[in-house]
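What follows is the residue order along each chain.
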Amino acid sequence: MKSASKAVIVNKNKYLLQHRDNKRNIYSPNCWGFFGGSLKPKESAEQCIKRELREELSVKCNFLMKMHECLNSNTGTYLHFFYVNLKTKITINNLKEGQNLGWFKKDQIKKLKKAWDLNFFFDFMI
């Protein structure tokens, strides 16, 4: 079974999201979602999210707490959600993967075209 880790990054009641690339061969192309990605062989969920944040945002995790785990039955992917606190100020210059990033309040997120992980989180977690 495939597994993936997702970073829930919150600052001043806003969530940091990634506008995913518009490529047909990736999960949820051209949608907004959490930063994160698939686990590599023999990699833990914690190691994965730390690696993904280095690769996608050029930052290190300062605080990490597992929030939830669930199965995406549509893709067969087991998801690990982590609350991540970053002390680094995030700007577009940090972005190394995806089309864009942004900070959004919950009411703004409702209007976005969302990836499955983001839909699940806001429908069932909050």
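Going by the structure above, here's the rest.
Residues numbered from 1 in each chain as written. Predicted model: local features only at pLDDT ≥ 70, side-chain atom pairs only at ≥ 80, totals over all residues. Heavy atoms only, no water.

A.B. asks: I would appreciate a short explanation of the side chain of R51 in the present structure.
C.D. replies: Mapping R51 onto the fold places it in helix 1 (residues 45-57). At 2.7 Å, the side chain of R51 and the side chain of E43 are in polar contact. Setting aside anything within four residues of it in sequence, one finds R51 in contact with S38, L39, K40 and E43. (Helix = DSSP H or I, 4+ residues; strand = E, 2+ residues; numbered from the N terminus. Polar contact = N/O pair within 3.5 Å; in protein donor to acceptor, adjacent residues only side chain to side chain. Contact = heavy atoms within 4.5 Å.)

A.B. asks: Just checking my understanding: could you explain the environment of A4 for this structure?
C.D. replies: Relative to the assigned elements, A4 resides in strand 1 (residues 2-11). Each C-alpha atom, one on A4 and one on N93, is 25 Å from the other, the two residues being 89 residues apart in sequence. In contact with A4, not counting residues within four places along its chain, are G37, S38, L39, T77, Y78, L79 and H80.

A.B. asks: Teacher, can you tell me more about unusual backbone geometry here?
C.D. replies: A negative phi holds for most residues other than glycine; trans holds for most peptide bonds. We note that S28 has phi near 50°; this positive angle belongs to a residue other than glycine. Within the secondary structure, S28 is located in the loop between strand 2 (14-19) and strand 3 (32-33). Overall, S28 belongs to the buried group, its relative accessible area being 15%. (Buried < 20%, exposed > 50% of the residue type's maximum accessible area, 1.4 Å probe, protein only.)

A.B. asks: Quick question: what am I supposed to make of the side chain of E52 here?
C.D. replies: Within the fold, E52 resides in helix 1. E52 gets classed as buried once you look at its relative accessible area, which sits at 6%.

A.B. asks: Help me understand the pattern of salt bridges, please; the structure alone is not making it clear to me.
C.D. replies: Once the charged atoms of two side chains with opposite charge are near each other, the side chains can pair. With the rule as written, the count across this model stands at 5 salt bridges. Close ionic contact of R51 with E52 constitutes a salt bridge, the shortest N to O distance being 3.1 Å. A salt bridge links K66 to E69, with the nearest nitrogen and oxygen atoms 2.5 Å apart. Exposure remark for K66: the relative accessible area of 33% places this residue in the partly exposed category. The class for E69 is partly exposed, based on a relative accessible area of 33%. Put simply, E43, R51, E52 and E55 are held in one network by salt bridges that share partners. (Salt bridge = Lys/Arg side-chain N within 4 Å of Asp/Glu carboxyl O.)

A.B. asks: Explain the packing of aromatic side chains to me, please; I cannot follow it from the model alone.
C.D. replies: Two aromatic rings are characterised by how far apart their centres lie and by the angle between their planes. Using the criterion set out here, one finds 7 aromatic pairs in the structure. Here the aromatic rings of F81 and F120 are separated by 6.0 Å at their centres, their planes lie at 20°, and the arrangement is stacked. You can see F81 sitting in strand 6 (residues 77-85) and its partner F120 sitting in helix 3 (residues 116-125), a full 39 residues away along the chain. For F120, a relative accessible area of 14% translates into the label buried. Centroid distance W116 to F120: 5.4 Å. Interplanar angle 20°. Geometry classified as stacked. Remark: F120 and W116 occur in helix 3; sequence separation between them is 4 residues, near one turn of the helix. By relative accessible area, W116 is classed as partly exposed at 23%. Among the aromatic residues, those joined into a ring-pair cluster are Y15, F34, F81, W116, F120 and F121. (Phe/Tyr/Trp six-rings, centres within 6.5 Å; stacked < 30°, edge-to-face > 60°.)

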